[in-house]
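Spelled out, the chains give:
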Amino acid sequence: MDAETQQRLRAELEAGRRDLIDELRALGADPDSDRVRQLDAVDDNFADSASATAERAERLALIDQATDRLADTQHALQRMDDGRYGICEHCGKPIATSRLEARPMSVLCVECAAAMS
């Protein structure tokens, strides 16, 4: 992969990381830990407890998804720093640039990803 493409992908990953950190904070999560503050928007009124429980579960699921995406993004950035970006973690072959452009946090080539799913 040429340096210009990698630099563009780095900028995309860094912007995505900032967005995910903002999203986690907006959801009431600490992006640097597993802590979640009291979910302010969730009404804990006894009469609405089922609704509050469902809303809390939905919010926690969004936090889990954003946390996973943040971890994947940070892992890709670390691989860039280590000089391993664009190399399949499973087979060691290059990951196609088109795959990295579609999903910059990819760590597996198409063949290995298909074999593991």
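1. Quick look at the overall build of the protein chain
- Looking only at helices and strands, the protein chain has four helices and zero strands in total.
- Reading the protein chain from its N terminus to its C terminus gives the helix and strand order α-α-α-α.
- Residue pairs at least 24 apart in sequence account for 48% of intrachain contacts in the protein chain once pairs closer than 6 positions are excluded.
- For the protein chain, the exposed surface amounts to about 7500 Å²; the carbon and sulfur share of it is 49%.

2. Quick notes on the pattern of salt bridges
- In this structure the tally under the stated criterion is seven salt bridges.
- Note that Arg-8 and Glu-101 form a salt bridge whose closest N and O atoms lie 2.8 Å from each other. Note that Arg-8 is positioned in helix H1 (residues 3-27) and Glu-101 in helix H3 (residues 97-102), a separation of 93 residues in sequence.
- Judged by relative accessible area, which is 42%, Arg-8 ranks as partly exposed.
- Between Glu-14 and Arg-10 there is a salt bridge, with its nearest N and O atoms 3.7 Å apart. One end of the pair is Glu-14 and the other is Arg-10, both in helix H1 and four residues apart, which spans about a single turn.
- Bridged by salt links that share partners, the residues Arg-10, Glu-14 and Asp-81 form one connected network.

3. Concerning the packing of H1 against helix H2 (residues 49-82)
- Relative orientation of the contacting elements H1 and H2 amounts to 150 degrees, with a least axis distance of 9 Å. Classified by the interaxial angle, the pair formed by H1 and H2 is roughly antiparallel. Handedness of the H1/H2 crossing: left-handed.
- Residues of the contact of H1 with H2, tallied by class, amount to 13 nonpolar, four polar and seven charged.

4. Remarks on the nonpolar core
- In this structure, Leu-13, Met-80, Tyr-85 and Cys-88 are the most contacted members of the largest nonpolar core, which totals 13 residues.
- At the level of secondary structure, the elements contributing two or more residues to this core comprise H1 and H2.
- Discounting chain neighbours no more than four positions away, the residues touching Leu-13 are Thr-73, Ala-76, Leu-77, Met-80, Tyr-85, Pro-104 and Met-105.
- Counting residues in hydrophobic clusters, the runner-up holds eight residues, among them Ile-21, Leu-27, Ala-29 and Ala-66.

Cut-offs applied
- Residues numbered from 1 in each chain as written.
- Predicted model: local features only at pLDDT ≥ 70, side-chain atom pairs only at ≥ 80, totals over all residues.
- Heavy atoms only, no water.
- Helix = DSSP H or I, 4+ residues; strand = E, 2+ residues; numbered from the N terminus.
- Contact = heavy atoms within 4.5 Å.
- Areas by Shrake-Rupley, 256 points an atom, 1.4 Å probe, with all protein chains shown as cover.
- Salt bridge = Lys/Arg side-chain N within 4 Å of Asp/Glu carboxyl O.
- Buried < 20%, exposed > 50% of the residue type's maximum accessible area, 1.4 Å probe, protein only.
- Axes fitted to C-alpha atoms, helices over the stretch in contact; angles between N-to-C directions.
- Parallel < 35°, antiparallel > 145°, perpendicular 65-115°, else oblique.
- Left-handed = near helix turned anticlockwise from the far one by under 90°.
- Nonpolar A, V, L, I, M, F, W, Y, C, P; charged D, E, K, R; others polar.
- Core = buried A, V, L, I, M, F, W, Y, C linked by side-chain atoms within 4.5 Å.

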